[in-house]
Amino acid sequence: MSKRTVELRRVVVTGLGAFTPVGVGAQTSWQAMLNGTSGIATVKQFDASEYPCSFAGEVPEFDPGDYMSVKDARKMDRFMQLGICTGVEAFRDSGLEVTEENAQRIGVYIGSGIGGINTIEGTTLQHREKGIRKVSPFYIPMTITNMISGHLSIMHDLQGPNLSMVTACSTGTHAIGEAGRLIEYGDADVMIAGGSEAPISPTALAGFASARALSRRNDSPETASRPWDVGRDGFVMGEGAGVMVLEEYEHAKKRGARIYAELSGFGMSGDAHHMTSPSPGGEGAARCMNAAIKNAGLNPEDIDYLNAHGTSTPLGDIAETMAVKLTFGNHAKSLAVSSNKSMIGHLLGAAGGVEAVMTALTIYNQQIPPTINLDEQDPECDLDYVPGQARDSKVTAALSNSFGFGGTNGTVIFSKV
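Residues numbered from 1 in each chain as written. Predicted model: local features only at pLDDT ≥ 70, side-chain atom pairs only at ≥ 80, totals over all residues. Heavy atoms only, no water.

## Details of the overall build of the protein
If you tally the helices and strands in the protein, you get 13 helices and 15 strands. On C-alpha atoms alone, the protein measures out to a radius of gyration of 20 Å, which is about the 22 Å that the 2.2 N^0.38 rule sets for 417 residues. By its C-alpha atoms, the protein is 60 × 60 × 45 Å across when sized along the principal axes. Each of the 417 residues in the protein was classed as buried or not, and the buried ones make up 59%. (Helix = DSSP H or I, 4+ residues; strand = E, 2+ residues; numbered from the N terminus. Rg over C-alpha atoms; globule rule 2.2 N^0.38 Å. Buried < 20%, exposed > 50% of the residue type's maximum accessible area, 1.4 Å probe, protein only.)

This is the structure we're talking about:
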């Protein structure tokens, strides 16, 4: 019996979408991050004044009616609206046209860490107070995570792989990495991939606050997300979506597509240590980064920039710093590292999607977004975190990290084409 051999194909990024707390649209969010703008403020979606943490990163002036009918939007949880609208933006940005010939070669792979928690919470209350007749017939399809991919495929007649991913805060990164592999192995020519999350609900905010995971800087929300700073006291919850169009390289070249970057590496690992805490010394994260570097066919010193998980938690920031040192050795000191979360908070399942978009734009524009609120660097976090201001820099290869509850880790690498 002969072994099947597959020649792996190159995967490039040809479309970008991002709805974040600093703006609607990838380019708007990118410019705001370059400027060091904070999108963190007191929660507006409900009264959180009595909560230990009363602030978050909310997408400003978001109107799903700009991308779909009001009737359709009413049948979707907010996480779904954000993911679909961001997917539409990425698809438009790519300039792709779906035809009868290529529809079966284009797929969707978008996930969410929590899914429709706002609809679940609201429907549960309605059911208890008013009975079964007040439960919407759209309740189930409004809440399940794979419906972003489902809706996008129907909207654009995309008949290729239709998948979703749920790996907590690594969701967006894993979805992009796995979508890239579908193209590498020939299962699709184009994939729309990323993550979406709308977790700002009373029970979600209460749950994370009860776990003492959130910052409590209620008097200064815009300074609360402060990765690697001695004053950090927890992460800041955010909502949004980040989606990119991945495409086989020759397919993109043939149609004259704009190429932002190449998805050159993907790695995964499990800490096998604790439900919420990182493995000691960052060993799990280091294995993940090393796997991605190996998959990309690069050496550690080939990486110029690292878009960190950088959550602003006391343990997590130290563990990631140690993981970077384990992975990069002496090169760690000359590696530029920054955290988008300092400006937009932690978007949970959408974080990896947004950060992948920003990493691709870093490659494309040769500019590195800063880490804001880094006023007094923790001595145990002693790398170059690009504090305060964006930096013009040659970036040939960049790495983006995502680590999730349950000890699940994901890393993607983008390279200049």
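Now that the structure has been shown, the text picks up again.
## Observations regarding helix 3 (residues 78-94)
Along an α-helix, residues three or four positions apart point the same way, because every turn accommodates 3.6 residues. The first and last C-alpha atoms of helix 3 sit 24 Å apart over 17 residues, in line with the 24 Å expected at 1.5 Å per residue. With 14 of 17 residues buried, helix 3 lies mostly within the body of the structure. Capping of helix 3 at its N-terminal end is provided by Asp77; its side-chain oxygen lies 3.0 Å from the backbone amide nitrogen of Phe79. The positive-phi residue at the C-terminal boundary of helix 3 is Gly95, with phi of around 75 degrees. (Expected span 1.5 Å × (residues − 1). Polar contact = N/O pair within 3.5 Å; in protein donor to acceptor, adjacent residues only side chain to side chain.)

## Comments concerning the packing of aromatic side chains
Evaluation of the coordinates by the stated rule reveals seven aromatic pairs. Here the aromatic rings of Phe208 and Phe405 are separated by 6.4 Å at their centres, their planes lie at 55 degrees, and the arrangement is tilted. Of the two residues, Phe208 sits in helix 8 (residues 202-210) while Phe405 sits in the loop between strand 14 (397-404) and strand 15 (408-415), which places them 197 residues apart along the sequence. Members of the aromatic cluster, connected to one another through ring pairs, are Phe19, Phe62 and Tyr67. Over the ring of Tyr249 we find Arg10, and its NZ or CZ is 4.1 Å from the ring centre. (Phe/Tyr/Trp six-rings, centres within 6.5 Å; stacked < 30°, edge-to-face > 60°. Lys NZ or Arg CZ within 6 Å of the ring centre and 35° of its normal.)

## Brief notes about the side chain of Ser402
Relative to the helices and strands, Ser402 resides in strand 14. Judged by its relative accessible area of 0%, Ser402 falls in the buried class. With near-sequence residues (within four places) excluded, Ser402 lies in contact with Cys169, Ser170, Thr173, His309, Gly352, Glu355, Thr408, Asn409 and Gly410. (Contact = heavy atoms within 4.5 Å.)

## Regarding a nonpolar patch on the surface
A cluster of nonpolar side chains, contributed by Val6, Leu8 and Tyr185, occupies part of the molecular surface with about 280 Å² of accessible area. Exposure remark for Tyr185: the relative accessible area of 47% places this residue in the partly exposed category. (Patch = residues over 30% accessible without salt bridge, like charges linked within 9 Å, V, L, I, M, F, W, Y side chains within 5 Å. Areas by Shrake-Rupley, 256 points an atom, 1.4 Å probe, with all protein chains shown as cover. Salt bridge = Lys/Arg side-chain N within 4 Å of Asp/Glu carboxyl O.)

## Observations concerning the pairing of strand 7 (residues 190-197)
For strand 7, a buried count of eight out of eight residues is recorded, marking the element as mostly surrounded by other parts of the structure. Side chains Val190, Ile192, Gly194 and Ser196 of strand 7 all project onto a buried face; the interleaved residues Met191, Ala193, Gly195 and Glu197 project onto the opposite face, where all are buried too. Two strands pair when backbone bridges link them, and strand 5 (residues 106-111) and strand 7 are joined in this way by six bridges, in the parallel orientation. Bridge assignment links Ile110 to a residue of strand 7, and that residue is Gly194. The pairing of strand 7 with strand 8 (residues 240-248) spans eight bridges and is classified as antiparallel. (Pairing = 2+ DSSP bridges.)

## With respect to helix 6 (residues 147-156)
Residues of helix 6 that are buried include every one of Met147, Ile148, Ser149, Gly150, Leu152 and Ser153, and no others. Taken together, the buried residues of helix 6 touch helix 3, strand 5, helix 5 (139-143), strand 6 (162-163) and strand 7. One or two steps after helix 6, the chain reaches Asp157, where phi turns positive at roughly 55 degrees.

## A short note on empty space enclosed by the protein
Using the criterion set out here, one finds one cavity of 30 Å³ or more in the structure. In this structure, the largest cavity encloses a volume near 70 Å³. Lining the largest cavity we find Val11, Gly177, Gly180, Arg181, Glu184, Leu263, Ser264, Gly265, Phe266 and Asn295. Looking at the lining of the largest cavity, the elements with two or more residues in it are helix 7 (171-184) and strand 9 (261-270). Residues that form the lining of the largest cavity fall into these classes: three nonpolar, five polar and two charged. (1 Å grid on protein atoms, 1.4 Å probe; cavity = no way out; pocket = protein on both sides within 12 Å on 5 of 7 lines; lining within 4 Å. Points joined across faces, edges and corners; volume = space filled by probe spheres on them. Nonpolar A, V, L, I, M, F, W, Y, C, P; charged D, E, K, R; others polar.)

## Looking at the layout of surface pockets
If you add up the space inside the largest pocket, you get close to 740 Å³. Forming the walls of the largest pocket are 40 residues, and the residues nearest its centre are Thr276, Ser277, Pro278, Thr313 and Phe405. Elements represented by at least two residues in the lining of the largest pocket include exactly helix 11 (314-328) and strand 14. When its residues are assigned to classes, the lining of the largest pocket shows 16 nonpolar, 18 polar and six charged.

## What to know about the nonpolar core
Ranked by internal contacts, the top residues of the largest apolar core, which has 47 residues, are Leu16, Met244, Leu246 and Phe414. It is helix 13 (residues 351-365) that contributes the most residues to this core, eight residues altogether. With sequence-adjacent residues up to four places away left out, Leu246 is seen in contact with Val11, Val12, Val13, Ile176, Ala179, Gly180, Ile183, Asp189, Val190, Met191, Ala193 and Leu263. If you look at the next biggest cluster of nonpolar residues, it comprises 28 residues, including Phe79, Ala90, Ala241 and Val243. (Core = buried A, V, L, I, M, F, W, Y, C linked by side-chain atoms within 4.5 Å.)

## Overview of the packing of helix 1 (residues 26-34) against helix 13
Two quantities define a packed helix pair, namely the angle between the axes and the distance from one axis to the other. It is at 11 Å that the axes of helix 1 and helix 13 come closest, and there the two elements cross at 75 degrees. If you check the angle between helix 1 and helix 13, you find them roughly perpendicular. Between helix 1 and helix 13, the contacting residues are Ala26, Gln27, Ser29, Trp30 and Met33 on the first element and Val354, Val357, Met358, Leu361, Thr362 and Asn365 on the second. The residue inventory of the contact of helix 1 with helix 13, partitioned by class, reads seven nonpolar, four polar and no charged. (Axes fitted to C-alpha atoms, helices over the stretch in contact; angles between N-to-C directions. Parallel < 35°, antiparallel > 145°, perpendicular 65-115°, else oblique.)

## A few points about unusual backbone geometry
Phi angles above zero are rare outside glycine, and Ala272 is one such case at about 50 degrees. Locating Ala272 in the fold gives a position in the loop between strand 9 and helix 10 (283-296).

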